Number of protein chains: 4
Amino acid sequence: MTIRAVVWNEFLHERHDEAVRAIYPDGIHQTIARALAEDAGISVSTATLDQAEHGLEQARLDETDVLLWWGHRAHGDVSDAVVRRVQQRVAEGMGLIVLHSGHFSKIFKALMGSPCSLRWREAGERERVWAVNPLHPIARGVGPCIELANGEMYGEPFVVPEPLETVFISWFEGGEVFRSGLTYQRGAGRIFYFSPGHETYPIYHDPQIRTVLRNAVRWAHNPAAAWKDVAVAPNVPVSAARETIVQRGASLHKAGEAGFR
Amino acid sequence: MTIRAVVWNEFLHERHDEAVRAIYPDGIHQTIARALAEDAGISVSTATLDQAEHGLEQARLDETDVLLWWGHRAHGDVSDAVVRRVQQRVAEGMGLIVLHSGHFSKIFKALMGSPCSLRWREAGERERVWAVNPLHPIARGVGPCIELANGEMYGEPFVVPEPLETVFISWFEGGEVFRSGLTYQRGAGRIFYFSPGHETYPIYHDPQIRTVLRNAVRWAHNPAAAWKDVAVAPNVPVSAARETIVQRGASLHKAGEAGFR
Amino acid sequence: MTIRAVVWNEFLHERHDEAVRAIYPDGIHQTIARALAEDAGISVSTATLDQAEHGLEQARLDETDVLLWWGHRAHGDVSDAVVRRVQQRVAEGMGLIVLHSGHFSKIFKALMGSPCSLRWREAGERERVWAVNPLHPIARGVGPCIELANGEMYGEPFVVPEPLETVFISWFEGGEVFRSGLTYQRGAGRIFYFSPGHETYPIYHDPQIRTVLRNAVRWAHNPAAAWKDVAVAPNVPVSAARETIVQRGASLHKAGEAGFR
Amino acid sequence: MTIRAVVWNEFLHERHDEAVRAIYPDGIHQTIARALAEDAGISVSTATLDQAEHGLEQARLDETDVLLWWGHRAHGDVSDAVVRRVQQRVAEGMGLIVLHSGHFSKIFKALMGSPCSLRWREAGERERVWAVNPLHPIARGVGPCIELANGEMYGEPFVVPEPLETVFISWFEGGEVFRSGLTYQRGAGRIFYFSPGHETYPIYHDPQIRTVLRNAVRWAHNPAAAWKDVAVAPNVPVSAARETIVQRGASLHKAGEAGFR
């Protein structure tokens with residue numbers, strides 16, 4: 001079964017900043033897309049902020065198995081309607097991989113329910129991404145750690161919920177640490193946050209980072225049919241109860257009536 | 001140290017439905033407040049939907065240690081600004097106890113990042129709330145289970161994130177089960193969801209239920225000073241790094257500049 | 001890649017109790033093995049208590065991807081050496097599926113570090129196994145619940161660590177609930193505990209139960225090479241540190257010396 | 001309510017190594033005990049390996065609320081009977097704080113069910129213990145991090161189960177990271193592993209480290225009465241079922257018979 005991945009990028013730095021364009025001439029999304037395409041089991045396309053509905057219209061999301069998200073300076077420009085749509089699709093079973101500065105994206109904050117804040121420094125310092133769960137499906141093939149000659153420091157506290165699993169923790173030359181790979185589940189959807197990926201360093205060209213991205217897409221893929229009514233709270237009438245029961249007590253609802261939302 | 005608890009109630013059923021008023025003549029919030037007041041270490045007040053800012057103005061929330069939330073038919077009438085304010089206070093360290101139909105409140109959905117949907121039936125059937133972690137601080141003193149002669153059935157799947165801890169699971173006469181007591185953490189704040197509490201049954205008059213409520217207030221209380229800047233992502237300049245480092249590589253930011261949000 | 005599964009059974013009830021033999025004429029392990037063999041991607045064999053080293057010699061375990069464990073009356077007869085060997089293989093990456101009364105097996109208690117106690121009743125009562133995480137890989141294809149006409153009641157509190165995920169919760173006719181499907185991770189190995197399966201009821205003939213078993217084998221399979229030295233704590237000498245450092249301070253160890261265990 | 005803490009130490013390095021004695025003249029346990037005694041709500045005593053039953057006879061453990069454990073070179077000399085006794089007491093509700101090289105103690109490995117292995121280097125390098133959950137009860141009052149001029153490097157992967165909460169992560173000068181503060185629960189007992197504390201450095205004299213130890217004792221304290229029968233699996237006869245049921249189906253057990261173990 002081919003996994004249908006979509007790489008979303010706000011695609012602004014690459015057009016406005018020469019330093020970024022030098023590293024990602026056709027956009028971070030294209031570099032990531034090529035990394036994913038090295039796995040013949042992944043079929044990949046891209047979407048960007050400037051497209052209609054940011055390239056994430058309902059029909060397309062319905063045919064997306066895993067969405068990757070890179071955003072930074074334009075989080076506020078992402079439409080709330082699209083964010084709600086993506087959040088619903090995650091609950092239905094779509095995988096989501098949030099990258100780097102996406103920690104402050106509307107979609108990640110909405111899914112975490114937490115500020116998702118952190119400390120940061122852009123000094124081109126060494127970062128070393130350690131696998132704390134090295135045989136986790138997302139870390140396989142990476143070895144004990146990933147050495148990045150230049151990383152943007154992201155430092156703890158990273159104000160997110162306790163994860164399902166901590167997969168990676170980063171060491172920074174300037175003295176900080178950061179939980180750089182975390183897994184979550186929301187409804188039927190799996191979420192992986194992965195912090196490496198600053199726009200002024202060639203991190204998405206790193207072979208180990210690219211392995212993590214491919215692994216993460218496979219891990220996040222839920223092959224089950226979409227859970228379309230995941231957000232609905234259906235009434236189970238007395239007549240449909242699995243055990244025979246008799247209606248008792250007062251009730252505000254009439255038979256068959258929908259609940260309050 | 002006295003714990004300052006506020007019981008919030010939308011306070012509509014009790015004014016519009018005779019059956020509810022018979023059980024909670026001055027409102028569910030007052031019954032819960034009296035339960036909490038049995039603990040001399042808890043100082044309790046109430047707030048309702050119809051008050052200005054729903055009784056949850058910033059100054060009051062700043063002096064609230066633990067907020068309890070009961071809402072049902074008017075979730076949509078709660079102001080988004082108040083919801084954001086409560087969510088920020090939870091991240092800062094305020095405890096939050098979400099009760100029964102509050103599973104669909106704006107604040108709970110915002111904190112969970114998940115649909116919070118479930119199955120339901122209002123048949124007055126027997127509910128038995130089992131302590132799966134019986135010596136957890138929230139379950140202490142309750143014994144193996146709480147027998148409720150009449151409960152509203154809430155059934156799995158309950159579409160919430162994997163909890164930190166499952167404290168209670170309910171059995172229903174009609175054949176369903178439900179994770180009726182779950183703990184979460186968001187920033188410095190602790191959250192407890194507790195499902196018993198339907199408005200047409202006298203559940204908040206039950207002595208064991210009242211013990212759980214008091215326990216939960218104590219558990220949710222974080223005595224630390226509020227983490228006011230929990231949502232801020234400060235830059236740590238090279239000069240302030242804990243290890244001596246030298247600026248390297250390209251940068252989009254100028255020294256001292258704030259990050260994007 | 002074919003998954004190599006081994007179904008282990010103490011294989012005593014079937015030889016000594018006519019009621020059990022009537023349901024599992026050639027042993028519970030053979031019935032489970034046939035369930036797994038319906039998945040062409042699983043290659044399955046069996047092992048029993050009465051074999052040399054209980055059929056679990058080192059060479060065989062080294063070629064086992066997922067082990068299933070059914071034991072009841074002879075937990076104490078399982079060799080401690082074999083238990084240690086299985087525990088080491090789980091840490092290396094072998095999956096383990098512990099069934100029903102295996103909650104009190106030496107291997108499950110060793111992996112959980114907890115008493116693994118529960119309440120029980122053998123009354124042939126109805127059991128309903130609800131999927132609380134219905135699109136989890138282990139629950140896929142099962143639907144909302146599994147109806148068992150006769151189940152042995154296992155009741156909470158089930159004294160195990162908080163699981164990674166709660167996949168199933170059972171309802172019992174006599175009034176109890178039980179977390180009947182739980183996931184854990186130990187080292188590189190995944191563990192699934194699944195409680196249905198009493199020897200005097202035909203539970204492993206149930207099509208949905210058989211689907212869960214196949215799902216669980218696929219979920220528990222870690223295709224990575226075995227983490228052979230998972231239990232070793234290697235010294236990283238100063239000369240091999242990834243950052244240049246200088247030896248400082250007092251030391252009890254000489255260079256290259258192994259640590260204490 | 002005064003919390004009764006016992007600090008256990010193998011007490012060998014301090015008697016055999018001058019370098020250690022210079023830092024801990026009367027033993028690491030006495031230094032830790034004095035740290036705890038600064039909290040008037042903690043009543044503290046000590047126990048050592050060379051005492052009868054290592055100072056942990058049943059009657060004493062029964063009156064211990066929280067046990068702290070420091071061991072290193074003599075893990076193998078600790079009696080298995082004492083380890084089982086401590087493990088049972090943890091399940092009953094006694095708190096346990098495992099320090100530094102105690103990661104390889106029999107009791108910690110028994111409770112984790114995992115190898116508890118790690119990487120290490122004794123180079124006196126800088127260690128910085130970051131609070132990732134800074135308002136957690138164990139981290140309160142410590143600030144963003146603890147700076148240790150000399151630490152023994154403990155590096156990931158640390159092969160333990162996913163914790164309930166990650167409270168601290170350490171940065172090391174030589175380039176590694178380590179989850180240095182982790183919480184677990186086993187039965188009614190809370191467990192905290194805290195890695196700083198090498199015998200040749202004065203770490204337990206550090207004021208912030210001492211704050212963590214006091215915090216941890218308060219956090220680990222379960223004031224409930226001991227859960228004496230936590231490991232027992234009682235039968236619930238049909239006559240005692242909370243719902244009326246009728247015995248059905250075959251059974252291997254006679255009425256009132258104990259289950260297999």
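Structure: see above.
Residues numbered from 1 in each chain as written. Chains lettered and ligands numbered in written order. Predicted model: local features only at pLDDT ≥ 70, side-chain atom pairs only at ≥ 80, totals over all residues. Heavy atoms only, no water.

Within chain A, the regular secondary structure consists of seven helices and nine strands. By the burial criterion, 67% of the 261 residues in chain A qualify as buried. Long-range contacts, defined here as pairs at least 24 residues apart, represent 71% of the contacts in chain A between residues at least 6 apart. Separation of charge centres in chain A, based on 27 positive and 31 negative side chains, amounts to 6 Å. (Helix = DSSP H or I, 4+ residues; strand = E, 2+ residues; numbered from the N terminus. Buried < 20%, exposed > 50% of the residue type's maximum accessible area, 1.4 Å probe, protein only. Contact = heavy atoms within 4.5 Å. Lys, Arg positive; Asp, Glu negative; His and termini not counted. Charge placed at Lys NZ, Arg CZ, Asp CG, Glu CD.)

Now for the sheet that holds strand E1 (residues 3–9) of chain A. Residue and element names in this part refer to chain A. Read from one edge of the open sheet, nine strands run E2-E1-E3-E4-E9-E8-E7-E5-E6, paired in mixed fashion. Every other strand in the sheet has two partners, leaving strand E2 (42–48) and strand E6 (145–155) as the edge strands with one partner each. Within this sheet the neighbouring strands show an average axis-to-axis angle of 25°, counted without direction. Summarising the sheet, strand E7 (residues 165–172) and strand E8 (residues 177–186) pair through five bridges and their orientation is antiparallel. Counterpart to Trp 171 in the pairing with E8 is Val 177. The sheet strands contacting helix H7 (residues 207–220) are E1, E2, strand E3 (66–70), strand E4 (95–99), E6, E7, E8 and strand E9 (189–194), and the helix crosses E9 at an angle near 165°. (Pairing = 2+ DSSP bridges. Axes fitted to C-alpha atoms, helices over the stretch in contact; angles between N-to-C directions.)

Within the element layout of this structure, Gly197(A) appears in the loop between E9 and H7. What Gly197(A) contacts, discounting residues up to four positions off in sequence, is Trp70(A), His100(A), Ile203(A) and Tyr204(A).

Interface size is often expressed as the accessible area that is lost when the parts come together. Contacts between chain A and chain B engage 73 residues on the former and 73 residues on the latter. Both faces considered, chain A and chain B share a buried interface measuring about 5600 Å² in area, 58% of it formed by carbon and sulfur atoms. Counting across the interface, chain A meets chain B through two salt bridges. Across the chain A-chain B interface, the total number found is 28 residue pairs in polar contact (both at pLDDT 80 or more). Of all the secondary structure elements, the ones that give two or more residues to the side of chain A that touches chain B are helix H2 (18–23), helix H5 (80–92), helix H6 (106–112), strand E5 (119–131), E6 and E8 of chain A. In terms of residue count, the dominant contributor to the side of chain A that touches chain B is E5(A) (eight residues). Among the residues making up the side of chain A that touches chain B, the classes are represented as 35 nonpolar, 20 polar and 18 charged. (Buried area = accessible area lost by both parts, 1.4 Å probe. Salt bridge = Lys/Arg side-chain N within 4 Å of Asp/Glu carboxyl O. Polar contact = N/O pair within 3.5 Å; in protein donor to acceptor, adjacent residues only side chain to side chain. Nonpolar A, V, L, I, M, F, W, Y, C, P; charged D, E, K, R; others polar.)

Another aspect to go through is the packing of helix H3 (residues 28–37) of chain C against helix H7 (residues 207–220) of chain C. Residue and element names in this part refer to chain C. The geometry of H3 relative to H7 is characterised by a closest axis approach of 9 Å and an angle of 70° between their N-to-C directions. As summarised for this structure, H3 and H7 are arranged roughly perpendicular, according to the angle between their axes. With respect to the hand of their crossing, H3 and H7 are arranged in right-handed fashion. Note on element contacts: H7 touches H3 through Arg 210, Leu 213, Arg 214 and Val 217, opposite Thr 31, Ile 32, Arg 34, Ala 35 and Leu 36. (Parallel < 35°, antiparallel > 145°, perpendicular 65-115°, else oblique. Left-handed = near helix turned anticlockwise from the far one by under 90°.)

To continue, consider the environment of Ala59(D). Residue position: Ala59(D) is located in helix H4 (residues 58–62). Residues Ala59(D) and Pro223(D), spaced 164 residues apart in sequence, show a C-alpha to C-alpha distance of 18 Å.

What follows is about the side chain of Asp39(D). Note that Asp39(D) resides in the loop between helix H3 (28–37) and strand E2 (42–48). Look past the residues within four positions of Asp39(D) in its chain and what remains in contact with it is Arg214(D) and Arg218(D).

The next thing to look at is the interface of chain A and chain C. Facing 26 residues of chain A, the contacting portion of chain C comprises 26 residues. Taken together, the two surfaces of chain A and chain C that pack against each other cover about 2000 Å², and 54% of this comes from carbon and sulfur. Where chain A meets chain C, there are six salt bridges. Applying the counting rule to chain A against chain C returns ten residue pairs in polar contact (both at pLDDT 80 or more). At the level of elements, E5, E6 and E7 of chain A are the ones that each hand at least two residues to the side of chain A that touches chain C. Ranked by residues supplied to the side of chain A that touches chain C, first place goes to E5(A) with three residues. For the side of chain A that touches chain C, the per-class residue count stands at 13 nonpolar, four polar and nine charged.

Residues and elements named next belong to chain A. The linkage connecting Glu 156 with the following residue, Pro 157, adopts the cis geometry, with an omega of 0°. The residue Pro 157 is located in the loop between E6 and E7 in this model. The backbone of Cys 116 shows a phi angle near 60°, a positive value even though the residue is not glycine. With respect to the helices and strands, the residue Cys 116 is situated in the loop between H6 and E5. Exposure remark for Cys 116: the relative accessible area of 0% places this residue in the buried category.

This brings us to the relation of the copies chain A and chain B. Mapping chain A onto chain B calls for a rotation angle of 180° and an axial translation of 0.0 Å; the resulting RMSD is 0.0 Å. The two molecules are tied by a two-fold rotation axis, judged by turn and shift. Among all residues of chain A, the one whose C-alpha sits closest to the rotation axis is Gly113(A), at a distance of 2.6 Å. Most of the interface of chain A is mirrored in chain B, where 100% of its interface residues are also at the interface. (Least-squares fit on C-alpha atoms with pLDDT ≥ 70 in both.)

Between chain A and chain C, which share one sequence, the superposing operator has a rotation angle of 180° and an axial displacement of 0.0 Å; the RMSD is 0.0 Å. Most of the interface of chain A is mirrored in chain C, where 100% of its interface residues again form contacts.

On to the side chain of Glu92(B), then. Position of Glu92(B) among the secondary structure elements: in helix H5 (residues 80–92). Within the structure, the side chain of Glu92(B) is placed 2.8 Å from the side chain of Gln88(B), a separation counted as a polar contact.

Turning our attention to the sheet that holds strand E9 (residues 189–194) of chain C. All names here are of chain C. Spatial ordering of the open sheet is given by E2-E1-E3-E4-E9-E8-E7-E5-E6, a layout of nine strands whose pairing is mixed. Each having just a single partner strand, strand E2 (42–48) and strand E6 (145–155) make up the two edges of the open sheet. Neighbour-to-neighbour, the strand axes of this sheet turn through a mean angle of 25°, independent of strand direction. Two strands pair when backbone bridges link them, and strand E5 (residues 119–131) and E6 are joined in this way by eight bridges, in the antiparallel orientation. When the bridges of E6 are listed, Trp 130 appears paired with Cys 145. Lying over the sheet, H3 contacts strand E1 (3–9), E2, strand E3 (66–70) and strand E4 (95–99), oriented at roughly 175° with respect to E2. Here H7 sits on the sheet and contacts E1, E2, E3, E4, E6, strand E7 (165–172), strand E8 (177–186) and E9; the angle it forms with E9, its principal contact strand, is near 165°.

Residue and element names in this part refer to chain D. Of all ten residues that make up strand E8 (residues 177–186), ten are buried, and the element is covered over most of its length. Of the pairings in the sheet, the one linking E8 to strand E9 (residues 189–194) comprises six bridges and is antiparallel in character. The partner of Tyr 184 across the bridge, within E9, is Ile 191. Here E8 folds back onto E9 in antiparallel fashion, the turn holding two residues, of which Gly 187 has a positive phi close to 60°.

This paragraph deals with the pattern of salt bridges. All names here are of chain B. Inspection of the entire model under this criterion finds 84 salt bridges over all chains. Note that Glu 53 and Arg 85 form a salt bridge whose closest N and O atoms lie 2.7 Å from each other. Within this pair, whereas Glu 53 is found in the loop between strand E2 (42–48) and helix H4 (58–62), its partner Arg 85 is found in helix H5, the two being separated by 32 residues in sequence. Judged by its relative accessible area of 41%, Glu 53 is partly exposed. By relative accessible area, which is 19% here, Arg 85 ends up buried.

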